[in-house]
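Architecture at a glance
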Amino acid sequence: MTFWFLLLAFAASLNPCRFRLAFAGRPEVVALGSLAALGVGAALSFSGEAALDALAISPESFRLAAAFVLAVEGVRALLAGSPRPAPALAGFRAALVPVAFPLLLQPGVVVLALAAGGDDVAATAVGALAIAVLPVVGASLVAGGARTDALLLAGGRLLGALEIVAGAALAVDAIRDV
Amino acid sequence: MLRLLLPPIAVFVLGAAVLRAAVVPAEVCPPLTTAQARASVAAAAGWLERGVRPDGRYTYGYDREHDLVPTDYNVTRHAGVMMGLYRLAATTGDEKALAAADHGLPFLRANLIRRDDWAAFAEPNGDARVGASALTVAALVHRRLATGETTYDDLIRELGRFVLAQQLPDGSVLGSWSGTTGRPVPGEYAEFGTGEALWALALAARTFPDEGWPAPAQRLARWIATERDDVEGYVLTYPDHWAAYGLAELAAGSLDPDEVAYARSLAGIFGLNSRLESQSGTGGLRRLMRGEPANGAGLGTIGEALAALWRLSVADPRLGDLSDDLAERLRCTAARTVERQADAAEAARYRRPDLVRGAWFTEDGYTQMDHERHPMAALLAALPVLEEQPPP
């Protein structure tokens, strides 16, 4: 898994467009939640190898599982309508719920982080995730409105399609690898 | 807060359970010692050796649930058994294996057909499949290695010329020759015969390096690497362990970039097969999600391919990055192969223990000669990996 692949796959799974539709809170809350998600993502990446060992799953097989998750998540983003606003804790606690979880720590992000750890590219994955969360913070600066929401929904679908492609590429890689 | 978190947590837990059960069950790779692998090889060889019959054939199979020995026979598998036993003799000096393999020679001679300058090991109806002759070349080359004798060199050449007679200008090899028309059957390729032909030509090239065998072997290798999957309609690289043998036998460094890429694809597909196999099991969710575990031949061919590709990866630096992973998969497949073999205690529960001991049975209690021969070859080839030695 290269840095560029991880960056695209993380960005597609984080899906800043759908995030913005689900959460219209303050940018500083989003930034704080992104940091929390990055921290968890890093922990997952650096423990990926040990976790896969404990589960008796080879990194190549887990890549196939990650591909499956990305594809399912991508199909959902491609076909589903606009997400409902996520219920949030009050104040800065919203950085944890719903920003960090469940909006940013999507299943795709979790499995990608673990898969990258299993493939011994944890640091690369953390770097890619750190950059991939920036558009999420950026999206929180966008003011809402009917036209904006329509554009965000279209963008969310596009990222869903990208996530499916990322899943397919990961599956091919997993099948071709020994 | 719990109310907010419960739905997404439920999705994660449920999703993880589905993934674990359906996509990534644990890969079970039991420990395996070299002594266990050697004992398993000996037990498999024992099953084949006990199957020597007065008419020069071998016991074809056994249904232990119904105590039936089938009347079927197949010359390709006959050649395969001879090859496996000669290979064992060549590798370990096993005299009993050599004697049992030699026992198959009269049946071979009785079923040779000769035309022009070639000979083919044919079915009793006079049709000849390229795989039977190719495996006979492999058998006799290994007999030569085991004994140092050149007695069968002319027959090796004759059988090799049959393979050449089946080869088309594009390098491909037709699968059958018709006894009725006296010609190769046009447009018909053999599922495994093509890879077997490659191995035979590569062995002939190594055995008789100055007799023009390398060129047709390389033409066939190129066709397999670049056209075979398209022509024969395979979406993914066809998992052909014989092609792996063939590539490994060609002189190190002689593969062109397409052939190296093909070897890499083969390694991938057999690696995947090995991983999927290690996720399978005889009961519970594993059985439900992965179906019936691979039979002896299936297990063996995965191991044989991994071993051949490991050998190739050690010899050719362009594939060197695969060596460790191939070795790991091979160790796992070998361990699972040994685990599934019927031992003496299991055999004692059946009416004819001698037809059970050392064999690999399907879920419905059937085994046939290739279910023993392939695992035996795989375990034999896995020994250097288990001993952490370089390939022979």
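Residues numbered from 1 in each chain as written. Chains lettered and ligands numbered in written order. Predicted model: local features only at pLDDT ≥ 70, side-chain atom pairs only at ≥ 80, totals over all residues.

**Topic: the interface of chain A and chain B**
Definition in use: Contact between residues is assigned whenever the C-beta positions, reconstructed from backbone atoms, fall within 7 Å. Helical segments are the DSSP runs of H or I of at least four residues, strand segments are the runs of E of at least two, and each set is numbered from the N terminus. For this classification, the nonpolar set comprises Ala, Val, Leu, Ile, Met, Phe, Trp, Tyr, Cys and Pro, the charged set comprises Asp, Glu, Lys and Arg, and every other residue, Gly included, is treated as polar.
Facing the 20 residues of chain A at the interface are 22 residues of chain B. For the side of chain A that touches chain B, the elements supplying multiple residues, two or more each, are α4 (59–79), α5 (96–104) and α9 (146–176) of chain A. Of the residues assigned to the side of chain A that touches chain B, the class counts are 15 nonpolar, 2 polar and 3 charged.

**Considering the packing of helix α1 (residues 3–14) of chain A against helix α6 (residues 107–118) of chain A**
For any two helices packed against each other, one specifies the inter-axial angle together with the distance between the axes. Residues and elements named next belong to chain A. Put simply, the rule is: For helices, the fitted axis covers only the stretch in contact; all axes are lines through C-alpha atoms, and the angles between them, taken along N-to-C directions, range from 0 to 180 degrees. In what follows, roughly perpendicular refers to angles from 65 to 115 degrees, roughly parallel to angles under 35, roughly antiparallel to angles over 145, and oblique to any angle outside these ranges.
With their axes 9 Å apart at the nearest point, α1 and α6 run at an angle of 155° to one another. One way to sum up the angle between α1 and α6 is to call them roughly antiparallel. Together, Leu 6, Ala 9, Phe 10, Ser 13 and Leu 14 of α1 and Gly 108, Val 109, Leu 112 and Ala 116 of α6 make up the contact between the two elements. Along the lines of polarity and charge, the residues of the contact of α1 with α6 split into 7 nonpolar, 2 polar and no charged.

**Some thoughts on the pairing of strand β3 (residues 118–121) of chain B**
Consecutive residues of a regular strand have side chains that alternate between opposite faces of the sheet. All names here are of chain B. What counts here: Using C-beta atoms placed from the backbone, we call a residue buried if 20 or more other C-beta atoms fall within 10 Å of its own, exposed if 12 or fewer do, and partly exposed for counts in between. Any two strands between which DSSP finds at least two bridges are classified as paired.
Side chains Trp 118 and Ala 120 project from β3 onto one buried face, and the interleaved Ala 119 and Phe 121 project onto a second face that is buried too. In the sheet, strand β2 (residues 112–115) pairs with β3 via 4 bridges, with the strands oriented antiparallel. Directly across from Ile 113, in β3, lies its bridge partner Ala 120. Hairpin connection between β2 and β3: a loop of 2 residues separates the two successive antiparallel strands, and Asp 116 in this loop has a positive phi of roughly 45°.

**Details of α5 of chain A**
Of the residues making up α5 of chain A, those classed as buried are Pro 98, Val 99, Ala 100, Phe 101, Leu 103 and Leu 104 of chain A. The inward-facing, buried residues of α5 of chain A abut α1, α2 (16–22), α3 (27–54), α6 and α8 (134–139) of chain A together with α1 (2–23) of chain B.

**Comments concerning the nonpolar core**
Formally: Remark: nonpolar core denotes a set of buried Ala, Val, Leu, Ile, Met, Phe, Trp, Tyr and Cys residues whose joining runs through C-beta atoms within 7 Å.
Counting 118 residues, the largest nonpolar core has Leu 85, Leu 198, Leu 201 and Leu 309 of chain B as the members making the most contacts within it. Discounting residues that sit within four places of it in the chain, Leu 198 of chain B has contacts with Ala 217, Leu 220, Ala 221, Ile 224, Trp 242, Ala 243 and Gly 246 of chain B. Counting 61 residues, the second-largest nonpolar core is a separate cluster that includes Leu 21, Ala 77 and Val 136 of chain A together with Val 24 of chain B.

**So, helix α14 (residues 323–340) of chain B**
Where we set the bar: Here a helix's expected span is defined as the number of its residues, less one, multiplied by 1.5 Å.
End to end, α14 of chain B covers 26 Å across 18 residues, agreeing with the expected 26 Å (1.5 Å per residue, within 8%). With 14 of its 18 residues buried, α14 of chain B lies for the most part within the structure.

Interpretation note: all reported values are geometric properties and have no functional meaning in isolation.
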